[in-house]
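# Summary of structural features
In case you want the letters, here they are:
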Amino acid sequence: RRKRRGPKGDVGGPAMLEEPLIITGPTTVGELAERALVTPAQIITQLIGMGVLATVNQLLEPEQCVAALEKLHIEALFESDLAEQASWRLTASTVSSEEKAGDPRPPVVTILGHVDHGKTTLLDSIRKTNVTEQEYGGITQHIGAYQVMVNDKKVTFLDTPGHAAFTAMRARGANLTDIAVLVVAADDGVQPQTIEAIAHAKAAKVPIIVAVNKIDVPDAQPDVVKQQLTAHELVAEEWGGETIMVPVSAKKGENIATLLEMILLVAEMGDLHAVVDTRARGAVVESKLDTQRGPVATVLVQEGTLRVGDAVAIGMVSGRVRAMVDDKGRPVKEAGPSTPVEITGLSSVPEAGDLFEVVTNEKTARDIAEQRQMTAREERLATAHVSLQNLSNMVAAGVVKDLNL
């Protein structure tokens, strides 16, 4: 301070920073002063001049930070890109304008349907027909998603543990699925969860392929199933509709190849593309805390290429990809679009449906994660403490209803 004193003894110019300060989001007065190598009093003085009364621990908006520092002749920049990434409710950035011009990518398929209609058996049957016995015997881990080869083309299957997870992912903005395969048992017909699954698939705006399972059982009535589905606007192609319906037996492996061919056909019609040569982004399929490896997450890359060593921000979690394994437990160095991999090296366990994005370095990833944590905490506090101002805002937004007595 003594070095910077002006001729009259007043504190004059700023500390000489080597490069401009990057403001990534709301910052407290104290933090800003520390980063700018000035005293909090100097920042507060400039804020008062701008008509803002602030204390040391008060959060300032990025624009206020930049304006206050400019008055102290300190160069500061507000990085809008980082601020967008740090927004707490990231909307799915799955389709960019340039993505359409990218390379073709494998379709992502989710299997939905009523309990006991054979979803898991169908997934196992698909996997068995596409790997050798030695490989299949070696598959010990469940990573929530896997890829199979069909006519030299890849298809990714999401093994979601039910409709709740499917909805939770969509609620967080992760529209992972390209095609929904609806499994309906030929001997049981349309059940409540079948109707629920149809509603989920329609809400996600994804094409539906119906697999009429258990055609090998004695009391199977596939035509009755097709008749019931017409009530839910799913009309079979042979009946003049647009819905592909394939009769299968997951237990005996009948017509599995036909179902896979139909999936490829629908995928071709969807014209699925993604940019490969860019920073990876995608979503978490599932996550867990492993006793030996620490936080582990199965992620599905939606765009770009994820590599070992990449710094990632996943929801309110950050980290560096230490290792990646594919669905068969083999270590991989990189993963392209529509590829599911299990990654380690995260600070904590992310939630299913959280979106991830590769960023420049670990510090940036940490800053983004901390910013989201702070925003989430503020949101919780805002809803916990109702002030007159936010109560009127909640009424206006329709959160709080009037009850006339």
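Computed from a predicted structure; not experimentally measured.

## Focus: the sheet that holds strand S13 (residues 281–290)
- Pairing in this closed barrel of 6 strands is antiparallel, and the strands run S13-S14-S19-S17-S16-S20 around the ring. Strand-to-strand, the axes of this sheet are offset by a mean angle of 45°, without reference to chain direction.
- One ladder, built from 4 bridges, connects strand S16 (residues 311–314) with strand S20 (residues 355–359); its direction is antiparallel. The partner of Val312 across the bridge, within S20, is Val358.

## Concerning a negative patch on the surface
- A grouping of Asp116, Asp187, Asp188 and Asp219 is seen on the molecular surface, where their side chains present a negatively charged patch.
- Secondary-structure assignment places Asp219 in the loop between strand S10 (208–213) and helix H9 (222–230).
- For Asp219, a relative accessible area of 48% puts it in the partly exposed group.

## A short note on unusual backbone geometry
- Of note in this structure, His73 is not a glycine but carries a positive phi near 60°.
- Tracing the backbone through its elements, the reader meets His73 in the loop between helix H3 (62–71) and strand S4 (76–78).
- Overall, the relative accessible area of 66% leaves His73 in the exposed class.
- With phi around 65°, Lys214 is a residue other than glycine that occupies positive phi space.
- Mapped onto the elements, Lys214 comes out in the loop between S10 and H9.

## What to know about the sheet that holds strand S6 (residues 108–113)
- Ordered by their spatial adjacency, 6 strands build an open sheet running S7-S8-S6-S9-S10-S11, and the pairing between neighbours is mixed. Taken across any chain shown, the strands that pair with only one partner, and hence form the sheet edges, are strand S7 (145–150) and strand S11 (244–247). Pairwise comparison of adjacent strand axes, ignoring direction, gives a mean angle of 30° for this sheet.
- Sheet topology places S10 next to S11; 4 bridges connect them, and they run parallel. Residue Ile209 lies in a different strand from S11, and its bridge partner there is Ile244.
- Sheet contacts for helix H10 (residues 256–270): S6, S7, strand S8 (153–158), strand S9 (179–185), S10 and S11; angle to S8, the most-contacted strand, approximately 100°.

## Overview of the environment of Leu59
- Considering the arrangement of structural elements, one finds Leu59 in strand S3 (residues 59–60).
- Measuring from C-alpha to C-alpha, the distance between Leu59 and Thr28 comes to 4.2 Å, with 31 residues separating the pair along the chain.
- Setting aside residues up to four positions removed in sequence, Leu59 forms contacts with Pro26, Thr27, Thr28, Met374 and Glu378.

## Looking at the packing of helix H1 (residues 29–36) against helix H2 (residues 40–49)
- Running from N to C, H1 and H2 cross one another at 115°; their axes reach a closest spacing of 8 Å. As for how H1 packs across H2, the hand of that crossing is right-handed. Mapping the contact onto sequence places Val29, Leu32 and Ala33 in H1 and Pro40, Ile43, Ile44 and Leu47 in H2.
- Considered class by class, the residues forming the contact of H1 with H2 number 7 nonpolar, no polar and no charged.

## Focus on the confidence of the model for the protein
- Considering every residue of the protein, the mean pLDDT works out to 76; 77% of them sit at 70 or more.
- Counted against residues more than four places away or in other chains, residues 1–13, with its pLDDT under 50, gives 14 contacts.
- Contacts for the low-pLDDT stretch residues 81–100, under 50 throughout, to residues beyond four places or in other chains number 46 contacts.

## Considerations on the side chain of Thr28
- Along the polypeptide, Thr28 turns up in strand S2 (residues 27–28).
- Of the polar contacts made by the side chain of Thr28, one reaches the backbone nitrogen of Glu31; its length is 3.2 Å.
- Those residues in contact with Thr28 that lie beyond four places of it in its chain are Val56, Asn57, Gln58 and Leu59.

Cut-offs and rules
- Residues numbered from 1 in each chain as written.
- Predicted model: local features only at pLDDT ≥ 70, side-chain atom pairs only at ≥ 80, totals over all residues.
- Heavy atoms only, no water.
- Pairing = 2+ DSSP bridges.
- Helix = DSSP H or I, 4+ residues; strand = E, 2+ residues; numbered from the N terminus.
- Axes fitted to C-alpha atoms, helices over the stretch in contact; angles between N-to-C directions.
- Patch = residues over 30% accessible without salt bridge, like charges linked within 9 Å, V, L, I, M, F, W, Y side chains within 5 Å.
- Areas by Shrake-Rupley, 256 points an atom, 1.4 Å probe, with all protein chains shown as cover.
- Salt bridge = Lys/Arg side-chain N within 4 Å of Asp/Glu carboxyl O.
- Lys, Arg positive; Asp, Glu negative; His and termini not counted.
- Charge placed at Lys NZ, Arg CZ, Asp CG, Glu CD.
- Buried < 20%, exposed > 50% of the residue type's maximum accessible area, 1.4 Å probe, protein only.
- Contact = heavy atoms within 4.5 Å.
- Left-handed = near helix turned anticlockwise from the far one by under 90°.
- Nonpolar A, V, L, I, M, F, W, Y, C, P; charged D, E, K, R; others polar.
- pLDDT = per-residue confidence, 0-100.
- Polar contact = N/O pair within 3.5 Å; in protein donor to acceptor, adjacent residues only side chain to side chain.

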